[in-house]
Amino acid sequence: MSIYLDHAATTPMFPAAIDQMCSFLQAHDANPSSPHAAGRRSRRAIDDARDAVAAFARCRSSEVVFTSGGTEADNLAIEGAGANGVVVVSSIEHHAVLEPALRRGARIVPVTAEGLVDLDALRAALDRDVSLVSVMGANNEVGTVQPLAAVVSLVRELAPRALVHTDAVQSLPWCVDSGSAECDLVSISAHKFGGPMGVGALIVRESASARLAPILRGGGQEGGLRAGTENVAGIVATGVAAKIWRNEQESIVERVRALRDQLESTLVGIGATPRSPRSTRVASIAPLHFPGVATEELLIALDRDGVAASAGAACVSGAQEPSHVLLAMGYLPSEVEGSIRLSLGWSTTAQEVADASEIIRGALESLRRA
Ligand code: PLP
């Protein structure tokens, strides 16, 4: 038996998306930039997927720039729009935003103890020299949904030259109104909503496109903003996933929220403490602290007993660094020990939640006895 509770790292593809991706690969269709009939078929397949992604992201089809994933979308936003001025980001951004921002000497805005961007500190960081502000829609480790509407209105008032970017990789699937509609640039990633790994998009509002420079140069694909032959099969599958998620979003969110609440309440009943308030969190994430156990030992015990969970972001959990998100929220490195992230998804069942609760209870008991 294996119970997968790491959907924030990646969630399974929808079977219909896998079918379409395989069919596309088997048909061996042509390069979408080729002028012949087969090439035109590939181009149409991309355009159909673009329409589906646009409906999912509540934007125009012409605003969707396909990339190799959320990381590339974030890099494109920061490198492509941050060059001509000061970059401002929150301290709990994903490394795909933080790393390029730090390279540009960004101003880092702290968050509150609840993991919400500190609006007074943001106000103080804004001025006419700022060219880009990036605040994520929802945090991937503690799940906090950021006050994007307030962020955008502060930026428009105090940094009128700046573009606003949001990394909506974790928020768009889970928040019916993610607040990203007011942002100029929005990053999304297909493998967080039932599409394949290795496909994402940066939504570039028409009003912002002239102020974004490409980071990959070569062919003129994606309106000149992202050179390189498109991953057509992956994009086709992303379109299928976007359509399914858009149609079923409310029911997925409500079902997952109920399962997450049940799991979290059971674990709180045996001594776990949530790392962020549930009321300001996406429906899928339970960031929990278990006193008296080491994170790594707990994750190893759960893995052995058939529960896949993680300490936080997939890309850093292997590195055993204390989470920069929890540190930014004011926890000491010693207090971060014992924290894990359980994240549920569209395929999670009530039986899995019940079984996982028992397995976690058992693992805790045996670790504390040892
Ligand atoms: N941004 C956030 C908030 C994420 O959670 C992730 C992935 O975990 C990324 C960006 C990177 O996306 P990708 O894995 O598609 O590169």
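What you see is a predicted model; the values in this text were computed from it and never measured.

### So, the environment of Pro214
- By secondary structure assignment, the location of Pro214 is in the loop between strand 8 (200-204) and helix 7 (232-269).
- Taking C-alpha positions, Pro214 is 9.1 Å from Ala77, a pair spaced 137 residues apart along the chain.
- Leaving out residues up to four positions away in the same chain, Pro214 has contacts with Leu76, Gly224 and Leu225.

### Details of the domain arrangement of the protein chain
- Domain boundaries assigned for the protein chain yield domain 1 (3-11 + 249-369) and domain 2 (15-243).
- Placing the centre of domain 1 and that of domain 2 at their C-alpha centroids yields a distance of 27 Å.
- On the side of domain 2, 33 residues touch domain 1, which itself brings 33 residues to the contact.
- Taking both partners together, domain 1 and domain 2 bury about 2500 Å²; carbon and sulfur atoms supply 60% of that area.
- There are zero salt bridges connecting domain 1 and domain 2.
- If you look at where domain 1 meets domain 2, you find 15 residue pairs in polar contact (both at pLDDT 80 or more).
- Sorting the residues of the side of domain 1 that touches domain 2 by element identifies helix 7, strand 10 (285-289), helix 9 (314-317) and helix 10 (324-328) as the ones contributing at least two each.
- For the side of domain 1 that touches domain 2, the element with the most residues is helix 7, which contributes five residues.
- In terms of residue class, the side of domain 1 that touches domain 2 is built from 19 nonpolar, 10 polar and four charged.

### Some words on helix 3 (residues 70-81)
- Taking 1.5 Å as the rise per residue, helix 3 with 12 residues should run 16 Å; its terminal C-alpha atoms sit 16 Å apart, in good agreement.
- For helix 3, the buried fraction is high: 10 of the 12 residues fall into the buried class.
- Packed against the buried residues of helix 3 are strand 2 (64-67), helix 4 (95-103), strand 5 (130-134), strand 6 (163-167), strand 7 (185-189) and strand 8.

### Let's talk about the site of the ligand
- Thr71, Asp167, Gln170, Ser189 and Lys192 are the nearest of the 13 residues found near the ligand.
- At 2.6 Å, a side-chain N or O of Thr71 approaches an oxygen atom of the ligand.
- In the environment of the ligand, an oxygen atom lies 2.7 Å from a nitrogen or oxygen atom belonging to the side chain of Ser189.
- The protein chains hide 87% of the 390 Å² of surface that the ligand would expose on its own.
- A class-by-class count of the residues in the shell around the ligand yields two nonpolar, eight polar and three charged.

### A few points about the environment of Phe14
- Here Phe14 is to be found in the loop between strand 1 (3-4) and helix 1 (15-27).
- When near neighbours in sequence (up to four residues on either side) are disregarded, Phe14 contacts Phe193, Gly194, Ala241, Ile244, Trp245, Ile252 and Trp346.

### Some words on the sheet that holds strand 10
- With antiparallel pairing, three strands are arranged side by side in an open sheet as 9-10-12. Strands at the two margins of the open sheet, each flanked by one partner only, are strand 9 (273-274) and strand 12 (339-343).
- Relative to strand 12, strand 10 runs antiparallel, the two sharing five bridges. Across the sheet, residue Pro287 finds its bridge partner in strand 12, namely Arg341.
- Against the sheet, helix 7 makes contact with strand 9, strand 10 and strand 12, and its axis sits at roughly 10° relative to strand 10, the strand it touches most.

Procedures and definitions
Residues numbered from 1 in each chain as written. Predicted model: local features only at pLDDT ≥ 70, side-chain atom pairs only at ≥ 80, totals over all residues. Heavy atoms only, no water. Helix = DSSP H or I, 4+ residues; strand = E, 2+ residues; numbered from the N terminus. Contact = heavy atoms within 4.5 Å. Domains from an automatic or database assignment. Buried area = accessible area lost by both parts, 1.4 Å probe. Salt bridge = Lys/Arg side-chain N within 4 Å of Asp/Glu carboxyl O. Polar contact = N/O pair within 3.5 Å; in protein donor to acceptor, adjacent residues only side chain to side chain. Nonpolar A, V, L, I, M, F, W, Y, C, P; charged D, E, K, R; others polar. Expected span 1.5 Å × (residues − 1). Buried < 20%, exposed > 50% of the residue type's maximum accessible area, 1.4 Å probe, protein only. Near = heavy atom within 4 Å. Areas by Shrake-Rupley, 256 points an atom, 1.4 Å probe, with all protein chains shown as cover. Pairing = 2+ DSSP bridges. Axes fitted to C-alpha atoms, helices over the stretch in contact; angles between N-to-C directions.

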